[in-house]
Amino acid sequence: MNFIAMDFETANYQTHSACSLALVMVKNSQIIGEYYSLIQPETDFFWKNIQIHGIHPEDVAEAPKFPAVWDEIQKYYQENRLIVAHNAGFDTKVLAGCLDYYQIPQPNYLSLCTVQTSRKLFPEMHNHRLNTVCSELSIPLENHHDALEDSRACAKILLYQEEHFGTDPLKKLVKAL
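In what follows, the accompanying structure is described.

Rules behind the numbers
- Residues numbered from 1 in each chain as written.
- Predicted model: local features only at pLDDT ≥ 70, side-chain atom pairs only at ≥ 80, totals over all residues.
- Heavy atoms only, no water.
- Helix = DSSP H or I, 4+ residues; strand = E, 2+ residues; numbered from the N terminus.
- Rg over C-alpha atoms; globule rule 2.2 N^0.38 Å.
- Buried < 20%, exposed > 50% of the residue type's maximum accessible area, 1.4 Å probe, protein only.
- Contact = heavy atoms within 4.5 Å.
- Areas by Shrake-Rupley, 256 points an atom, 1.4 Å probe, with all protein chains shown as cover.
- Lys, Arg positive; Asp, Glu negative; His and termini not counted.
- Charge placed at Lys NZ, Arg CZ, Asp CG, Glu CD.
- Expected span 1.5 Å × (residues − 1).
- Arc of directions from axis to C-beta.
- Pairing = 2+ DSSP bridges.
- Right-handed = clockwise from strand over helix to strand, strands pointing away.
- Core = buried A, V, L, I, M, F, W, Y, C linked by side-chain atoms within 4.5 Å.
- Axes fitted to C-alpha atoms, helices over the stretch in contact; angles between N-to-C directions.

1. Things to note about the overall build of the protein chain
Alright, step 1. Counting secondary structure elements, the protein chain contains seven helices and six strands.
Alright, step 2. Taken from the N to the C terminus, the helices and strands of the protein chain come in the order β-β-β-α-α-β-α-β-α-α-α-α-β.
Alright, step 3. Taken over C-alpha atoms, the radius of gyration comes to 16 Å for the protein chain, in line with the 16 Å a tight globule of 177 residues would show.
Alright, step 4. For the C-alpha atoms alone, the extent of the protein chain along its principal axes is close to 45 × 35 × 25 Å.
Alright, step 5. Within the protein chain, buried positions represent 50% of all 177 residues.
Alright, step 6. Residue pairs in contact within the protein chain that sit at least 24 positions apart in sequence constitute 65% of those at least 6 positions apart.
Alright, step 7. For the protein chain, the computed accessible surface area is about 9,000 Å², with 47% contributed by carbon and sulfur atoms.
Alright, step 8. For the protein chain, the separation between the mean place of its 14 positive charges and that of its 22 negative charges on side chains is 9 Å.

2. Thoughts on helix α3 (residues 88-101)
Alright, step 1. The end-to-end C-alpha distance of α3 is 19 Å, a good match for the 20 Å that 14 residues give at a rise of 1.5 Å each.
Alright, step 2. For α3, the complete set of buried residues consists of A88, D91, T92, V94, L95, G97, C98 and L99.
Alright, step 3. In this structure, the buried residues of α3 make contact with β1 (3-10), β2 (18-27), α2 (66-73), β4 (82-85) and β5 (110-113).
Alright, step 4. A positive phi of about 55° marks Q103, the residue just after α3.

3. Remarks on α2
In an α-helix, one turn spans 3.6 residues, which is why side chains three or four residues apart end up on the same side.
Alright, step 1. Regarding α2, the residues found buried are F66, V69, W70 and I73. The buried residues of α2 occupy an angular sector of 105° when the element is viewed end-on, so they sit on one face.
Alright, step 2. The inward-facing, buried residues of α2 contact β1, β2, β3 (30-38) and α3.

4. Examining the pairing of β3
Alright, step 1. In the sheet, β2 pairs with β3 via eight bridges, with the strands oriented antiparallel. What sits directly across from A22, in β3, is Y36.
Alright, step 2. The turn linking β2 back onto β3 is made up of two residues, and N28 within it adopts a positive phi angle of 50°.

5. Regarding the pairing of β5
Alright, step 1. One ladder, built from four bridges, connects β4 with β5; its direction is parallel. Directly across from A85, in β5, lies its bridge partner C113.
Alright, step 2. Taken together, β4, α3 and β5 form a β-α-β motif whose crossover is right-handed.
Alright, step 3. Judged from the two bridges that link them, β5 and strand β6 (residues 175-176) form a sheet pairing that is antiparallel. What sits directly across from S111, in β6, is K175.

6. Quick look at the nonpolar core
Alright, step 1. Of all hydrophobic cores here, the largest spans 27 residues; its most connected members are F3, V84, C134 and L158.
Alright, step 2. At the level of elements, β1, β2, β4, α5 (130-137) and α6 (147-165) are the ones that each hand at least two residues to this core.
Alright, step 3. In terms of residues, this core owes the most to one element, α6, which gives eight residues.
Alright, step 4. Every residue in contact with F3, bar those within four places of it in the chain, is listed here: V24, M25, V26, L82, V84, A155, L158 and L159.
Alright, step 5. Formed by 22 residues, the second largest nonpolar core is a distinct cluster that contains I4, L21, M25 and W70.

7. Concerning the sheet that holds β3
Alright, step 1. As summarised here, the arrangement of the six strands in space is β3-β2-β1-β4-β5-β6, forming an open sheet in which the pairing is mixed. Whereas interior strands pair on both sides, the edge strands pair on one side only; in this sheet they are β3 and β6.
Alright, step 2. Most of the contacts of helix α4 (residues 114-121) go to β5, to which it runs at about 50°, and overall it touches β4, β5 and β6.
Alright, step 3. In the packing of α6 onto the sheet, contacts are made with β1, β2, β3, β4 and β5, and the angle to β2 comes to roughly 35°.

Okay, structure coming up:
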């Protein structure tokens, strides 16, 4: 499989409040690269979000704003390119929210959610949160809510699913955005 695993962390509940982003690139079912950046959001941080991911306003004071990050990563968001996330609805909304906020055109790409694939392929799990799925599949997740750790875990979940179930049940859950 070829895909990009994506994970955002946000400063608050606004969709344009991305404060970190990670991508893990997979080619021929092998992880071949990673990208990580803190992002300086143009909004305040909410204490609950800080509590979840540990990123503080001072951590992003010198970080690039989203348009500079987008300049580096937009090449990955192309038609027929598969972008995967655990709870993809959240991450695709954050991407769309950041693009809208900065009046950047929305890309067309394919999306797949590993929460959905896990629900379909592992219905016996008591929940399908990232840490639960990783634990059940013996996939390392040492720093949950670190965007890079979460992206790696997401990539490994999909690779596990491909190895054990093939691509046919996964293809049925791909959405075009």
